[in-house]
Amino acid sequence: MKTTVIKMTDADFRAMERQAQKSGESLQQKAGAWIRHRLPQQLGEGGDLAFPLRNGLTVYIRKGKLHQPIQHFRQHGSRFPLVAKFYLSGSCRVQTLEASDIDSDYRETAGSHYLYHLPNQSEIEEWPVNQWIHGVMITAETDYFQSFNQQFEALPQPLNRLLQGDNKIRFHQPLGKITPQMRQLIQNILYCPYRDLMQQMYLESKVLELLAAQFTVWAEQPAVSVALSKEELDRVHQAKTILIHRTQQPPSLGELSRLVGVSDRKLNKGFRHLFGTTVFGYLKAHRLQQAQSLLQDDRLTIAAVAMAVGYRNPEAFSTAFRRKFAVSPKAYQLSWRG
């Protein structure tokens with residue numbers, strides 16, 4: 001029997017919460033300084049525990065399980081915190097919409113940790129059914145770090161720019177497996193031995209240790225060497241724009257290089273630096289992301305969608321789509337039918 005996927009926006013979720021509260025469910029409770037947010041029973045069990053610390057720093061403990069799979073459509077605003085996330089169990093798939101600076105499709109998985117800042121970003125979070133999601137999340141208002149000495153030069157460039165006040169920059173950085181040191185700090189947070197003021201002091205110290213460990217992991221990752229000038233990087237952006245406007249009949253790499261006045265090698269290097277992939281890796285990802293949007297219209301055939309995004313062979317399109325999103329184009333299209 002096919003499981004029905006619940007598709008919802010933030011507004012839908014808030015409406016469901018209001019209805020649950022009218023039916024007598026208690027979704028928000030105080031437990032000392034912790035604030036418990038429960039899932040409506042219609043969706044699942046468990047939820048989040050939030051502990052607000054000082055100056056816009058908050059730690060969350062998430063433990064919950066859904067009764068039905070959810071596709072949660074989210075539109076983040078311009079004011080967005082820095083978020084650190086540590087998965088002890090469970091997973092989430094995220095599809096970003098109309099973004100060239102973030103992967104169009106990625107997974108957050110058990111045993112791994114992530115750091116991200118996603119202002120003005122639309123995305124679809126896909127949460128599986130009957131799987132315990134357990135982990136710790138930290139959110140920090142970006143001006144929180146201004147109280148430090150502002151010596152950010154040792155940090156990776158995206159994080160450096162954010163902490164120095166560039167609130168428009170976006171990134172989603174996977175940082176590998178949770179280290180033994182991080183696991184110990186997470187256990188300290190989950191089983192804090194103190195109460196009242198001492199609890200807040202203890203939790204804040206462990207949260208800052210956890211962030212410091214995470215920043216260090218990112219800072220020690222091998223840096224990408226890019227010997228490109230600002231003018232050359234501007235030409236890489238110009239090349240990206242050409243690819244987007246000529247999706248159906250894109251230029252060859254050599255032709256694209258001539259159009260923007262940058263060598264093939266530098267063009268690919270620039271794409272890897274700015275977008276994390278080669279020129280035609282970017283084109284392929286853009287085509288498939290565009291195809292996702294078109295497939296939401298069940299009046300279009302798979303062949304028509306393939307042609308619209310530059311695939312002459314529908315079978316080649318279906319293979320590429322399945323490899324990227326782990327679902328066939330037809331199955332994806334059918335999932336959008338109400």
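In this text the structure is predicted, and so the values were computed from the model without any measurement.

Conventions adopted
Residues numbered from 1 in each chain as written. Predicted model: local features only at pLDDT ≥ 70, side-chain atom pairs only at ≥ 80, totals over all residues. Heavy atoms only, no water. Helix = DSSP H or I, 4+ residues; strand = E, 2+ residues; numbered from the N terminus. Rg over C-alpha atoms; globule rule 2.2 N^0.38 Å. Buried < 20%, exposed > 50% of the residue type's maximum accessible area, 1.4 Å probe, protein only. Contact = heavy atoms within 4.5 Å. Lys, Arg positive; Asp, Glu negative; His and termini not counted. Charge placed at Lys NZ, Arg CZ, Asp CG, Glu CD. 1 Å grid on protein atoms, 1.4 Å probe; cavity = no way out; pocket = protein on both sides within 12 Å on 5 of 7 lines; lining within 4 Å. Points joined across faces, edges and corners; volume = space filled by probe spheres on them. Nonpolar A, V, L, I, M, F, W, Y, C, P; charged D, E, K, R; others polar. Phe/Tyr/Trp six-rings, centres within 6.5 Å; stacked < 30°, edge-to-face > 60°. Lys NZ or Arg CZ within 6 Å of the ring centre and 35° of its normal.

Description of the overall build of the protein chain
From N to C terminus, the protein chain includes 11 helices and 13 strands. Here the C-alpha radius of gyration of the protein chain, 22 Å, is about what a compact globule of 338 residues would show, namely 20 Å. In the protein chain, buried positions account for 45% of the 338 residues. Once local pairs closer than 6 in sequence are excluded, the contacts in the protein chain between residues at least 24 apart make up 68%. Taking the average location of the 42 positive side-chain charges in the protein chain and that of its 30 negative ones, the two points are 4 Å from each other.

Regarding empty space enclosed by the protein
All told, the structure shown has 1 cavity of 30 Å³ or more when counted by the stated rule. The dominant element in the lining of the largest cavity, judged by the number of residues it contributes, is strand β12 (residues 133-140), at 5 residues. Looking at the lining of the largest cavity residue by residue, the class counts come to 7 nonpolar, 3 polar and 3 charged.

Observations concerning the packing of aromatic side chains
Summed over the entire model, instances satisfying the criterion amount to 13 aromatic pairs. On the basis of an interplanar angle of 55° and a centroid distance of 5.8 Å, the ring pair of F317 and F321 is categorised as tilted. With a gap of 4 residues between them, F317 and F321 both fall in helix α10 (residues 314-325), about one helical turn apart. Since its relative accessible area comes to 0%, F317 is described here as buried. Members of the aromatic cluster, each reached through a chain of ring pairs, are Y144, F145, F148 and F215. Cation over ring: R287 sits above Y311, and NZ or CZ is 5.5 Å from the ring centre.

Topic: the environment of D103
Turning to its location among the elements, D103 is positioned in the loop between β8 (92-97) and β9 (105-108). Along the primary structure D103 and Q173 are separated by 70 residues, whereas in three dimensions their C-alpha atoms are 10.0 Å apart.

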